[in-house]
Amino acid sequence: MKNMSSIFLLFLFLIMSSCSNNNDSTAKDLYPNVTSKFAGKIDLNNPSNYANQIKPAYITKDNTTGNPITDKAATLGRVLFYDTNLSSNNTISCSSCHIQANAFGDTEIASDGVNGKTTRHSMRLANSRFSIENKFFWDERAATLEFQTTQPIQNHIEMGFSGTSGDQNILALITKLQNTSYYKELFKYAFGSEGITENKIQLALAQFVRSIQSFDSKYDAGRALVTNENQSFANFTAQENQGKNLFLTPPVFDATGNRTAGGVGCAACHAAPEFDIDPNTKNNGIIGVLNGPGIDITNTRAPSLRNLVKKDGTTNGPMMHTGNLTTLQTVIGHYGKINLAPGNTNLDARLTPNGFGQQLNLTAPEVNALIAFINTLSGTNVYVDLKWSSPF
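This section reports on the structure supplied with the text. (Residues numbered from 1 in each chain as written. Predicted model: local features only at pLDDT ≥ 70, side-chain atom pairs only at ≥ 80, totals over all residues. Heavy atoms only, no water.)

**Some points on the overall build of the protein**
Next, step 1: Within the protein, the secondary structure is distributed over 12 helices and four strands.
Next, step 2: Dimensions of the protein along its principal axes, counting C-alpha atoms only, are 85 × 65 × 35 Å.
Next, step 3: Across the 392 residues that make up the protein, the buried fraction comes to 51%.
Next, step 4: For the protein, long-range pairs separated by at least 24 residues make up 64% of all intrachain contacts whose partners lie at least 6 apart in sequence.
Next, step 5: For the protein, the exposed area adds up to about 17,600 Å²; of that, 55% sits on carbon and sulfur atoms.
Next, step 6: Mean positive and mean negative side-chain charge positions of the protein (31 and 31 charges, respectively) differ by 3 Å. (Helix = DSSP H or I, 4+ residues; strand = E, 2+ residues; numbered from the N terminus. Buried < 20%, exposed > 50% of the residue type's maximum accessible area, 1.4 Å probe, protein only. Contact = heavy atoms within 4.5 Å. Areas by Shrake-Rupley, 256 points an atom, 1.4 Å probe, with all protein chains shown as cover. Lys, Arg positive; Asp, Glu negative; His and termini not counted. Charge placed at Lys NZ, Arg CZ, Asp CG, Glu CD.)

Now the structure itself:
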């Protein structure tokens, strides 16, 4: 009986090994160009987990509408995101402006495109999904993330398939991808057929971008231990809890817009725990034009405040659409004294109590406490997770 059991176990092992080898050979047979091109980076039999990542129960906002994340389409999206073939001269990818080491932002004020510098600072993408704001770009000109994804591709400066100024249009890009062996296979893998369309490109890129999440910060460790964010966090220092209270608590103003009590009310526009932007915000008083004259009052969106800085306190690039604020001190200073600039007819009313530009009158300890709190919103995995890294 013992020998029979051993023979039976050996038989099962051989069957399982055979099945495993058949699975491997199936992937190699169906997708040989992908298998060879991305060996060691992408395993089509065992794709990375994009669709079922764990997120905290207190994270409830989600702008995914009609395009749920799948492991297969997000895998395609990852390749598209990092592929310089998506630019007209094969030098620029989405990742050129949205760099994993910078929470998918850029440390340059203006990013390089195929025909010059971008006209706005590149927005960080981490946690783009976790907002009730469906619109994208600083000026919200894209109604959805899906629509946003191919606009840089169709921009003359950025990636060069604009159909204007001597550029070919996006149909030329689609032909280019159809003639790239691994793309026909990847689109079949993700969508069931080799056909490549702009819509499928949008779906895959949006799924990859929405998959980029970060909930391993000191803030998250503390928030998991309380029932709401207004309670003191046991893992915070006294300074960090003070900064949290200042961030969450609305200020009290006198008749001329001077803060006389309360906090500073950052959460009115950047609500915890997602720290996304309120979709009803107007502009924040930064109305300059990047590397140009005049004013621009249309910029009303912002990225999540999570991972605004790295764990060491250095920023993931300059802030605001103009990139003109380079430290948290200067950002807090901007909100500390709002000036009513001529021509800014779109300034958010929350910054003009009683018709005056707010004067927060922050003390040095309050500024330091706010900075300490914002530092707690930074995680670590977003910078190093291989599933969001380049497969090339």
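**As for the pairing of strand S4 (residues 259-262)**
Next, step 1: In this sheet, S4 lies alongside strand S3 (residues 251-253) in antiparallel orientation, the contact comprising three bridges. The partner of Phe-253 across the bridge, within S4, is Arg-259.
Next, step 2: Turn length for the S3-S4 hairpin, with the two strands adjacent in sequence and antiparallel, is five residues, and the turn residue Gly-257 shows positive phi of about 85 degrees. (Pairing = 2+ DSSP bridges.)

**Things to note about the packing of helix H3 (residues 71-82) against helix H8 (residues 198-211)**
Next, step 1: Here H3 crosses H8 at 95 degrees, and the two axes come no closer than 7 Å. Relative to H8, the element H3 lies roughly perpendicular. Contacts from Ala-73, Ala-74, Leu-76, Gly-77, Arg-78, Leu-80, Phe-81 and Tyr-82 in H3 reach Ile-201, Ala-204, Leu-205, Gln-207, Phe-208 and Val-209 in H8.
Next, step 2: Each residue belonging to the contact of H3 with H8 can be placed in one class, and the counts come to 11 nonpolar, two polar and one charged. (Axes fitted to C-alpha atoms, helices over the stretch in contact; angles between N-to-C directions. Parallel < 35°, antiparallel > 145°, perpendicular 65-115°, else oblique. Nonpolar A, V, L, I, M, F, W, Y, C, P; charged D, E, K, R; others polar.)

**So, the state of the cysteines**
Next, step 1: With the rule as written, the count across this model stands at zero disulfides.
Next, step 2: With no disulfide of its own, Cys-94 lies closest to Cys-97 among cysteine sulfurs, the gap being 8.4 Å.
Next, step 3: By relative accessible area, Cys-94 is classed as buried at 13%.
Next, step 4: Judged by its relative accessible area of 9%, Cys-97 is buried. (Disulfide = S-S within 2.5 Å.)

**Quick notes on H3**
Since the α-helix turns once every 3.6 residues, residues separated by three or four places project in the same direction.
Next, step 1: Taking 1.5 Å of rise per residue, 12 residues should cover 16 Å, and H3 covers 17 Å from first to last C-alpha, within 8% of that figure.
Next, step 2: The element H3 is extensively covered by neighbouring structure, given that 10 of its 12 residues are classed as buried.
Next, step 3: Among the residues of H3, Ala-73, Ala-74, Thr-75, Leu-76, Gly-77, Arg-78, Val-79, Leu-80, Phe-81 and Tyr-82 are the ones counted as buried.
Next, step 4: On its buried face, H3 sits against helix H4 (94-97), helix H6 (170-178), helix H7 (181-191) and H8. (Expected span 1.5 Å × (residues − 1).)

**Section: unusual backbone geometry**
Next, step 1: Going from Ala-272 to Pro-273, the amide bond is cis rather than trans, its omega being 5 degrees.
Next, step 2: You can see Pro-273 is positioned in the loop between S4 and helix H11 (328-336).
Next, step 3: Unlike most non-glycine residues, Asn-90 shows phi in positive territory, near 60 degrees.
Next, step 4: Relative to the helices and strands, Asn-90 is located in the loop between H3 and H4.
Next, step 5: Of note, the phi angle at Asn-307 is positive, near 60 degrees, even though the residue is not glycine.

**Quick look at the nonpolar core**
Next, step 1: Ranked by internal contacts, the top residues of the largest apolar core, which has 51 residues, are Leu-80, Phe-81, Tyr-183 and Leu-186.
Next, step 2: If you list the elements that add at least two residues to this core, you get H3, H6, H7 and H8.
Next, step 3: Considering every element that reaches this core, the biggest residue donor is H3, with seven residues.
Next, step 4: Beyond its immediate stretch of four places on either side in the chain, Leu-80 contacts Leu-86, Leu-177, Tyr-183, Phe-187, Ile-201, Ala-204 and Leu-205. (Core = buried A, V, L, I, M, F, W, Y, C linked by side-chain atoms within 4.5 Å.)

**A few points about the pattern of salt bridges**
Next, step 1: In total, this model carries 15 salt bridges according to the counting rule given.
Next, step 2: Here Lys-218 and Glu-240 are joined by a salt bridge, their closest N and O atoms 2.9 Å apart. Of this pair, Lys-218 sits in helix H9 (residues 218-223) while Glu-240 sits in helix H10 (residues 238-248), and the two are 22 residues apart along the sequence.
Next, step 3: With a relative accessible area of 26%, Lys-218 lands in the partly exposed category.
Next, step 4: For Glu-240, a relative accessible area of 10% corresponds to the buried category. (Salt bridge = Lys/Arg side-chain N within 4 Å of Asp/Glu carboxyl O.)

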